[in-house]
Amino acid sequence: MYELIKKDGRAKRGRLTTVHGVIETPVFMNVGTVAAIKGAVSTDDLREIGTQVELSNTYHLHVRTGDKLIKEFGGLHKFMNWDRPILTDSGGFQVFSLAKLRKIKEEGVSFSSHIDGRKIFMGPEESMQIQSNLGSTIAMAFDECPPHPATREYMQKSVDRTTRWLVRCKKEMDRLNSLEDTVNPHQMLFGINQGGTFEDIRIEHAKEISKLNLDGYALGGLAVGETHDEMYHIIEETVPYLPEDKPTYLMGVGTPINILESVDRGIDFFDCVYPTRNGRHGHVYTNQGKLNMFNKKYELDHRPIEEGCQCPACRSYSRAYIRHLLKAKEMLGMRLCVLHNLYFYNTMMSEIRQAIEEGNYKEYKKRKIDGMMNQ
Ligand SMILES: [Zn+2]
């Protein structure tokens, strides 16, 4: 159940109630690809840094360890010891970006695993079955991720197939949720809008999938090589055609500035690997812009990464020590930077929610972006 609590311009302050607890939106989901946040971050850490939703990748869990084993264990929540909401992607994005020797047909996609070359077939029904075995809170529909750039003709055909696949996903999810031994019989389904940068295809598709009364709607196929302005334009044009009383999700985006701009255009959910990936490389986010912790100028710096930050890294350690850990390739260095970055994103989302509630989102956004660009 999604409740729209407040609107400020187009920015939405919402609340999604799930069987695993409440999600306050706008929210940034913390990406744990193989049911683990890269950088040696535990689920206890996630609780400490204010994570609301953990995101796991269906494709990765299917090819390694396997969803059947995880179901037998009692589902992903029990397996990784996380009792709050989990969103699983459909596997579509990885099938189209990682897998080799791919063949797309109406039924689904045949491909070889990137781990051992094993032949795998995945269509809408298979993706729903895997996600049902994992027992995530929110499952994503299986869609085609068209290449960028694609011709208009290809895009239209691909989007039409994605719509047919979505209808099959919904039917299969209803069937799975009604089975007796289902891990999470209340699993929700989000549909995905596609259409690249063709705004009319996006809009028609948004209208079409809105009729299906799903639990939420995502924009996929963005941040794949188009400019930020093109992306913002597509969000601005498409979101008004998605139901306002359902959450919207911009997949795989992005930088703090991308998030601030997209919230302003009506997006509720985000996910991105930037905070974890950058953290592992010693790049940390602050309200004054990004810092490279390898920089020599921090070698005797007693300050934390960011003054006033309440994350586990900043509460206890200096820039000088973190730089030393990174230089010595100690895992703790990566871990502290990842924790700080996720805390930074989670805290920003909480500020965003407050600014919308107070009706001053535009001022907040400007101040925040000016600060980060200031460097
Ligand atoms: Zn910090």
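Below, the structure is looked at part by part. (Residues numbered from 1 in each chain as written. Predicted model: local features only at pLDDT ≥ 70, side-chain atom pairs only at ≥ 80, totals over all residues. Heavy atoms only, no water.)

Take helix 13 (residues 319-327) next. Considered for burial, the residues of helix 13 that qualify are Arg319, Ala320, Ile322, Arg323, Leu325 and Leu326. The secondary structure elements touched by the buried residues of helix 13 are strand 16 (289-292), helix 12 (312-316) and helix 14 (331-357). Count one or two residues on from helix 13 and you reach Lys329, which has phi positive near 55°. (Buried < 20%, exposed > 50% of the residue type's maximum accessible area, 1.4 Å probe, protein only. Helix = DSSP H or I, 4+ residues; strand = E, 2+ residues; numbered from the N terminus. Contact = heavy atoms within 4.5 Å.)

Another point: the environment of Gly21. Position of Gly21 among the secondary structure elements: in strand 3 (residues 21-25). A residue is classified by how much of its surface remains accessible, and Gly21, at 28% relative accessible area, is partly exposed. Between the C-alpha atom of Gly21 and that of Pro146, which follows or precedes it by 125 residues, the distance is 34 Å. When residues no more than four places from it in sequence are discounted, the contact partners of Gly21 are Leu16 and Pro85.

Pairing is antiparallel across the open sheet formed by three strands, whose spatial order is 1-2-3. The outermost strands of the open sheet, each flanked by one partner alone, are strand 1 (2-8) and strand 3. The mean inter-strand angle of the sheet, taken between neighbouring strand axes irrespective of direction, is 10°. Here strand 1 pairs with strand 2 (residues 11-18) via six bridges, running antiparallel. Note on strand 2: the bridge partner recorded for Asp8 is Ala11. (Pairing = 2+ DSSP bridges. Axes fitted to C-alpha atoms, helices over the stretch in contact; angles between N-to-C directions.)

Residues Ile235, Ile259, Met293, Ile352 and Tyr361 are the most contacted members of the largest nonpolar core, which totals 84 residues. Broken down by element, the residue count for this core peaks at 13 residues, all from helix 14. Aside from chain neighbours lying at most four places away, what touches Ile259 is Phe28, Val253, Gly254, Phe270, Tyr345, Met348, Met349 and Ile352. Formed by 18 residues, the second largest nonpolar core is a distinct cluster that contains Leu55, Leu87, Ala218 and Phe269. (Core = buried A, V, L, I, M, F, W, Y, C linked by side-chain atoms within 4.5 Å.)

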